[in-house]
Amino acid sequence: MENLPSNVDVQALIQENIALKRKLKSKELLLDQKNAEIQQYLYTVSHELKTPISSMRGYSILLQDFHLNDMNPEILAYLQKIANNLDQMDQMIDNLLDYTRIEVTQEECEEVDCEELIHDALDELNYLLQQNQYELTIAPNLPTIFCKRSLMVRVFTNLLSNAIKYSKNNELPRIEVGYIPDEIFHKFYVKDNGVGIAPADKEKIFQIFGRLNNKKEAKGNGLGLIISKRIIEKHGGEIWVESVRGKGSTFFFTLPRRSCN
């Protein structure tokens, strides 16, 4: 306090600081309340959509079963497309429900070897990997991190899956999983040589139902990255992308060395 000008009212500054902290706390509580309302809304809508989807799927199957031998093949093909789209919608709703349930607590976190997480993710992607040729490089000496294991496996699964799905048609997918040491945070990246992302889409892909503008290149339901973002933020980290259209993308994410809140 000795460096403050003599005409400064120290007590008034203290009171102003206290008032600002209270106002900030009030804003944080309001934001938490709004976020909770949004999560509850998403959960309710997703849950309510399950019933009509199940009914539509049931009627579609009945039509196919009852008229399998006497129905026009073109109509049967349309019914199959309806069934496929219902399956996709059902998966989208399941992902929305998963999104609303993502939570991370200290008790759920453990020390996990990152190589194990990546191998678990590759096991999850076994079918996709068998259908595609690819080249994968994993950095040596990956660290042990403090995390909720099942959720971090999902992050690596989503990022690796995207690297394959958004590869170029005429080029072997080359994927690199890397690590950059830092004193405060672990910093990982998943790099690919795929189609890349337009500058206007870099934020959109982390939003619910965010998709690339090019519909021909858009695959999946658009929730993988937003789920990954929520998981990482629940662990106290961040995720972002650096990309050049037509040359590939690098997804970075950070995690505290020890947190889980």
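What counts as what
Residues numbered from 1 in each chain as written. Predicted model: local features only at pLDDT ≥ 70, side-chain atom pairs only at ≥ 80, totals over all residues. Heavy atoms only, no water. Pairing = 2+ DSSP bridges. Helix = DSSP H or I, 4+ residues; strand = E, 2+ residues; numbered from the N terminus. Axes fitted to C-alpha atoms, helices over the stretch in contact; angles between N-to-C directions. Contact = heavy atoms within 4.5 Å. Expected span 1.5 Å × (residues − 1). Polar contact = N/O pair within 3.5 Å; in protein donor to acceptor, adjacent residues only side chain to side chain. Phe/Tyr/Trp six-rings, centres within 6.5 Å; stacked < 30°, edge-to-face > 60°. Buried < 20%, exposed > 50% of the residue type's maximum accessible area, 1.4 Å probe, protein only. Core = buried A, V, L, I, M, F, W, Y, C linked by side-chain atoms within 4.5 Å. Salt bridge = Lys/Arg side-chain N within 4 Å of Asp/Glu carboxyl O. Parallel < 35°, antiparallel > 145°, perpendicular 65-115°, else oblique. Left-handed = near helix turned anticlockwise from the far one by under 90°. Nonpolar A, V, L, I, M, F, W, Y, C, P; charged D, E, K, R; others polar.

Draft legend 1. Expanded view of the sheet that holds strand 7 (residues 248-256). Ordered by their spatial adjacency, five strands build an open sheet running 2-4-5-7-6, and the pairing between neighbours is mixed. Two strands close off the open sheet at either side, each with one partner strand: strand 2 (135-138) and strand 6 (239-244). Neighbouring strand axes in the sheet, compared pairwise and without regard to direction, differ in orientation by 15° on average. Taken together, the six bridges between strand 4 (residues 174-180) and strand 5 (residues 185-192) define a ladder with antiparallel strand orientation. Bridging from a neighbouring strand, Gly-178 pairs with Tyr-189 of strand 5. Sitting on the sheet, helix 5 (residues 149-165) touches strand 2, strand 4, strand 5, strand 6 and strand 7, and the angle it makes with strand 7 is about 170°. Each of strand 6 and strand 7 is contacted by helix 6 (residues 224-234), which is oriented at about 25° to strand 7, the strand it contacts most.

Draft legend 2. Representation of helix 2 (residues 73-101). Here helix 2 is 29 residues long and its end C-alpha atoms lie 42 Å apart, about the 42 Å a rise of 1.5 Å per residue gives. With a side-chain oxygen positioned 2.7 Å from the backbone nitrogen of Glu-74, the residue opening helix 2 is Asn-72.

Draft legend 3. Looking closely at the packing of aromatic side chains. Enumeration over the complete set of coordinates arrives at seven aromatic pairs. Ring plane angle 50° and centroid distance 5.9 Å describe the contact between Tyr-189 and Phe-252, whose orientation is recorded as tilted. Taken as a pair, Tyr-189 in strand 5 and Phe-252 in strand 7 lie far apart in primary sequence, 63 residues in all. With respect to burial, Tyr-189 and Phe-252 carry one shared label: buried. When the ring of Phe-206 is compared with that of Phe-251, the centres are 6.3 Å apart and the planes differ by 80°; the resulting orientation is edge-to-face. Residue Phe-206 is located in the loop between strand 5 and helix 6, and its partner Phe-251 is located in strand 7; the two are separated by 45 residues in the primary sequence. Residue class for Phe-206 comes out buried when judged on its relative accessible area of 8%. Connected via pairs of aromatic rings, a cluster forms that spans Phe-156, Tyr-179, Phe-188 and Phe-253.

Draft legend 4. Highlighting the nonpolar core. Ranked by size, the top nonpolar core spans 47 residues in total, and within it Leu-117 and Phe-253 carry the most contacts. No other element matches the nine residues that helix 5 contributes to this core. Apart from the residues lying within four places of it in its own chain, the contact partners of Phe-253 are Met-152, Val-155, Phe-156, Leu-159, His-186, Lys-187, Phe-188, Ile-232, Glu-238 and Ile-239.

Draft legend 5. Representation of the pattern of salt bridges. Scanning the model with the defined rule gives 13 salt bridges in all. Here Glu-233 ties to Lys-229 by a salt bridge, and the two come within 2.7 Å at their closest N and O atoms. One end of the pair, Glu-233, and the other, Lys-229, are both in helix 6, four residues apart, so they sit about a helical turn from each other.

Draft legend 6. A look at the pairing of strand 7. With respect to burial, strand 7 is a largely interior element, nine of its nine residues being buried. With burial as the criterion, each face of strand 7 is covered, one bearing Gly-248, Thr-250, Phe-252, Thr-254 and Pro-256 and the other bearing Ser-249, Phe-251, Phe-253 and Leu-255. Two strands pair when backbone bridges link them, and strand 5 and strand 7 are joined in this way by seven bridges, in the antiparallel orientation. Looking at strand 7, one finds that Tyr-189 is bridged to Phe-252. The turn joining strand 6 and strand 7, which pair antiparallel and follow one another in sequence, is formed by three residues; a positive phi near 85° is taken by Gly-246.

Draft legend 7. Quick look at helix 6. When we look at burial in helix 6, the residues that qualify are Leu-225, Ile-226, Ile-227, Ser-228, Arg-230, Ile-231 and Ile-232. Just beyond helix 6, the residue with positive phi is Gly-236, at close to 90°.

Draft legend 8. Quick look at the packing of helix 3 (residues 114-124) against helix 5. As a packed pair, helix 3 and helix 5 sit with axes 8 Å apart at the nearest point and diverge in direction by 60°. By the angle class used here, helix 3 and helix 5 are oblique. At the point where helix 3 passes helix 5, the crossing takes the right-handed sense. Here Glu-116, Leu-117, Ile-118, Asp-120, Ala-121, Leu-122 and Glu-124 of helix 3 lie close against helix 5, whose contacting residues are Arg-149, Met-152, Val-153, Phe-156, Thr-157 and Leu-160. Classifying every residue of the contact of helix 3 with helix 5 by side-chain character gives eight nonpolar, one polar and four charged.

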